[in-house]
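# A look at the structure
Each chain is listed here by its residues.
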Amino acid sequence: MSFSEKYPENIPWDLNIDQSQSKSIRWMLSKADIVYTFTRSRIDDNYVYIQKNDGDRKAYKEYEARYTYQRLFDEGYSLAAFS
């Protein structure tokens, strides 16, 4: 039996925020000592940067970042947004 994930909807960067403003917002998911930071690419809307704690910031396709965000949120991570 295979499990098919539902496409994550209502991700914070989907909100109707001015495009120039949304690219400067950082969304953070935190749980205990672990913090994941999500930032839209300023160059290409098809990419989102994800950084774990103080590690390297890596670019991911938007849909990959969307699934990562949803999985973390489902695991109990709390959301915060900073500009």
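Everything in this summary refers to the structure shown in the same document. Given the structure is predicted, the values throughout are model-derived calculations rather than measurements.

Note that Ser41 resides in the loop between strand E2 (34-40) and strand E3 (47-52). The exposure class of Ser41 is buried, given its relative accessible area of 4%. Considered as a pair, Ser41 and Tyr60 are 19 residues apart in the sequence and their alpha carbons are 9.5 Å apart. In terms of polar contacts, Ser41 uses its side chain to reach the backbone amide nitrogen of Ile43, at 3.2 Å. One polar contact links the side chain of Ser41 to the main-chain amide nitrogen of Asp44, over a distance of 3.1 Å.

Summed over the entire model, instances satisfying the criterion amount to two salt bridges. For Arg66, the salt bridge identified is with Asp14, shortest N-O distance 2.6 Å. Here Asp14 lies in the segment before helix H1 (19-22) and Arg66 lies in helix H2 (residues 62-74), a separation of 52 residues in the sequence. Among the residues examined, Asp14 registers a relative accessible area of 34% and is labelled partly exposed. A salt bridge links Arg66 to Glu62, with the shortest nitrogen-to-oxygen separation between them at 2.8 Å. Within this pair, Arg66 and its partner Glu62 are both found in helix H2, separated by four residues, close to a single helical turn.

As judged from the five bridges shared by E2 and E3, these two strands associate in the antiparallel manner. When the sheet's bridge partners are listed, Thr39 is paired in E3 with Tyr49. In this structure, E3 lies alongside strand E4 (residues 57-61), joined through five bridges in antiparallel fashion. For Tyr47, the partnering residue across the bridge sits in E4 and is Lys61. Between E3 and E4, which pair antiparallel and follow one another directly, the connecting turn spans four residues, one of which, Asn53, has a positive phi of 50°.

Criteria and thresholds
- Residues numbered from 1 in each chain as written.
- Predicted model: local features only at pLDDT ≥ 70, side-chain atom pairs only at ≥ 80, totals over all residues.
- Heavy atoms only, no water.
- Helix = DSSP H or I, 4+ residues; strand = E, 2+ residues; numbered from the N terminus.
- Buried < 20%, exposed > 50% of the residue type's maximum accessible area, 1.4 Å probe, protein only.
- Polar contact = N/O pair within 3.5 Å; in protein donor to acceptor, adjacent residues only side chain to side chain.
- Salt bridge = Lys/Arg side-chain N within 4 Å of Asp/Glu carboxyl O.
- Pairing = 2+ DSSP bridges.

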